[in-house]
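Residue-level structural notes
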Amino acid sequence: MTTHLHSSTRRLAAGVAGLAAVLLALSGCAANTGSPASTDDAGVLIDKASCDRNRAAGPISYISGYGYSASAGQMDVFLAKELGYFKALCLDVEINASGANGQQLVASGQAQFTALGSASDVMLAAANSKNLTAVATYGTTSPFSIFANESVKSLKDLEGKKLGYFINLTPIASAMLDDAGVDVSKVELVKMTNYDPTVVTRGQVDAIVGYASNQPEKLRAAGLPFTEFLPEDYGVKGTYNVMEANTGFLKKNREVVADFMRADLKAVEYCLANKDKCVDMISKLAADNNQGSAFPADQQARTWAVESSWVENSTAGAPGVQTEAEWKPEYALVKKYGDVKQLPAIGTMMDPELVAGLYKDGTLVWPGK
């Protein structure tokens, strides 16, 4: 995602645990062969050999790049744990919601998974690290937008004005500006540390490169006037949220990684069908861990309302499925605007087969039924 906030996680109350048991009993779409893991393992849905294999991998650490955000690749990991999906597959998953330096921790092997905001983020990271592999992409809509003071009627109007950005301008935004014929040398670029979107409506900066489901939605909810420019308005294609795994861990534990993603995508499936429940659960987790003010329920509902549509409308296939073809437009943008000396080939940065193999005829294969 874009720039991120952070904290740590804990389990919901016992009532949710009861709900988890019911959900696990009802869930599933494919039978699993072999003997149960153990009569002592309540809720485990896989055979003993698979269970032993997953447990042998030890604790699996996930770093949330944006705390308790109701976003794919983040909320689903928290809820896969809360709903018992990881336990059902004998996975011991630890979640770090204070995820500063998630990419560095995963690349170094100190953690196994983290999520980034788009394929371009993965590509820029790959220019500096060779131990990260993208295993899932949750959508084929760029999450970025440029939102501006209502006086800005076109991107060309930004010449002579201030454009804010977080971390970097992003190749997507650069492509939008280029397509609109903007002379960027005439735009004052301001690195932002303030995430309050009203700095735009109050004129402290004239526009910001932001996350379409977050800051602009806050302005809409407050009834404040502004102008928004979307990548698709300029023929710019992108991707939405990517799950990355430590490459060494993936090579050594491919079936374990597959089961981690199976549980994660089971939670995505649940949250697409039960949007309000998932928003309530992730918001409660945030509040329980002293992050309620950063992730209030109304904001979470707005976020998931937008981002769930990005998952549902993915042109790559079922949730999480990724293809080199869907990454190619963004790859070209990173080569042109990313200021990287050498960009690795797409095939070296992502695994298009792992998540695709978890589906049969578009349905996630889940054991126990």
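It should be noted that the structure appears before, not after, this text.
Residues numbered from 1 in each chain as written. Predicted model: local features only at pLDDT ≥ 70, side-chain atom pairs only at ≥ 80, totals over all residues. Heavy atoms only, no water.

A short note on the pairing of strand S10 (residues 240–246)
For the record, the criterion: Partly exposed residues are those whose accessible area sits between 20% and 50% of the maximum for their type, while under 20% is buried and over 50% is exposed, using a 1.4 Å probe and protein chains only. The helix count covers DSSP runs of H or I at least four residues long, the strand count covers runs of E at least two residues long, and both are numbered beginning at the N terminus. Two strands make a pair as long as DSSP finds a minimum of two bridges between them.
Of all seven residues in S10, seven are buried; the element is thus mostly enclosed. Direction of pairing for strand S3 (residues 113–116) relative to S10: antiparallel, over a ladder of four bridges. Residue pairing for S10: Leu116 is matched across the bridge by Val242. Direction of pairing for strand S4 (residues 132–139) relative to S10: antiparallel, over a ladder of six bridges. Its bridge partner being in S10, Thr133 is matched across the sheet by Ala245.

Comments concerning the sheet that holds strand S2 (residues 93–96)
Stated precisely, the cut-off is as follows: Note on geometry: axes are C-alpha line fits, over the in-contact stretch for helices, and angles between N-to-C directions span 0 to 180 degrees.
The sheet built from five strands is open, its strands ordered S2-S1-S3-S10-S4 with mixed pairing. Two strands lie at the open edges of the sheet, namely S2 and S4, each paired on one side alone. The mean angle between the axes of side-by-side strands here comes to 25°, regardless of whether they run parallel or antiparallel. Pairing of strand S1 (residues 60–63) with S2 involves four bridges; the strand directions are parallel. Its bridge partner being in S2, Ile63 is matched across the sheet by Asn96.

Observations regarding the packing of helix H6 (residues 119–126) against helix H14 (residues 324–337)
So the rule is basically this: Geometric relationships in this document are graded by angle, where less than 35 degrees denotes roughly parallel, more than 145 denotes roughly antiparallel, 65 to 115 denotes roughly perpendicular, and other angles denote oblique. Here a crossing is taken to be left-handed if its near helix is turned anticlockwise relative to the far helix by less than a right angle, and right-handed if that turn runs clockwise. The contact rule is simple, with two residues in contact once any of their heavy atoms fall within 4.5 Å. Here the term charged refers only to Asp, Glu, Lys and Arg, the term nonpolar to Ala, Val, Leu, Ile, Met, Phe, Trp, Tyr, Cys and Pro, and the term polar to all other amino acids, Gly among them.
Contact geometry of H6 with H14 gives a least axis separation of 9 Å together with a crossing angle of 50°. Relative to H14, H6 is oriented oblique. Viewed along their axes, H6 and H14 form a crossing whose handedness is right-handed. Where H6 approaches H14, its residues Ala119, Ser120, Val122, Met123 and Leu124 are matched on the opposing element by Trp327, Glu330, Tyr331 and Val334. Broken down by class, the residue content of the contact of H6 with H14 amounts to seven nonpolar, one polar and one charged.

Regarding the state of the cysteines
Put simply, the test is: In this description, the term disulfide denotes a pair of cysteine sulfurs within 2.5 Å.
Taken as a whole, this structure holds two disulfides when the rule is applied. What pairs with Cys51 in a disulfide is Cys90, and their sulfur atoms sit 1.9 Å apart. Given an S-S torsion of about -95°, the disulfide between Cys51 and Cys90 has left-handed geometry. A residue pair is termed long-range when its members are at least 10 positions apart, and Cys51 in helix H2 (residues 48–56) and Cys90 in the loop between helix H4 (85–88) and S2 qualify at 39 residues. What makes Cys51 buried here is its relative accessible area of 0%.

As for the packing of aromatic side chains
The criterion, for reference: Between rings of Phe, Tyr and Trp, where Trp is taken as its six-membered ring, a pair exists when centres lie within 6.5 Å; planes separated by under 30 degrees are stacked, by over 60 edge-to-face, and by other angles tilted.
Inspection of the entire model under this criterion finds 11 aromatic pairs. Judged by centre distance (6.4 Å) and plane angle (80°), the rings of Phe113 and Phe249 are edge-to-face. You can see Phe113 sitting in strand S3 and its partner Phe249 sitting in helix H10 (residues 247–252), a full 136 residues away along the chain. Classification of Phe249 as buried rests on a relative accessible area of 11%. Each member of the aromatic cluster is reached from another via a ring pair, and the members are Tyr66, Tyr68, Phe78 and Phe295.

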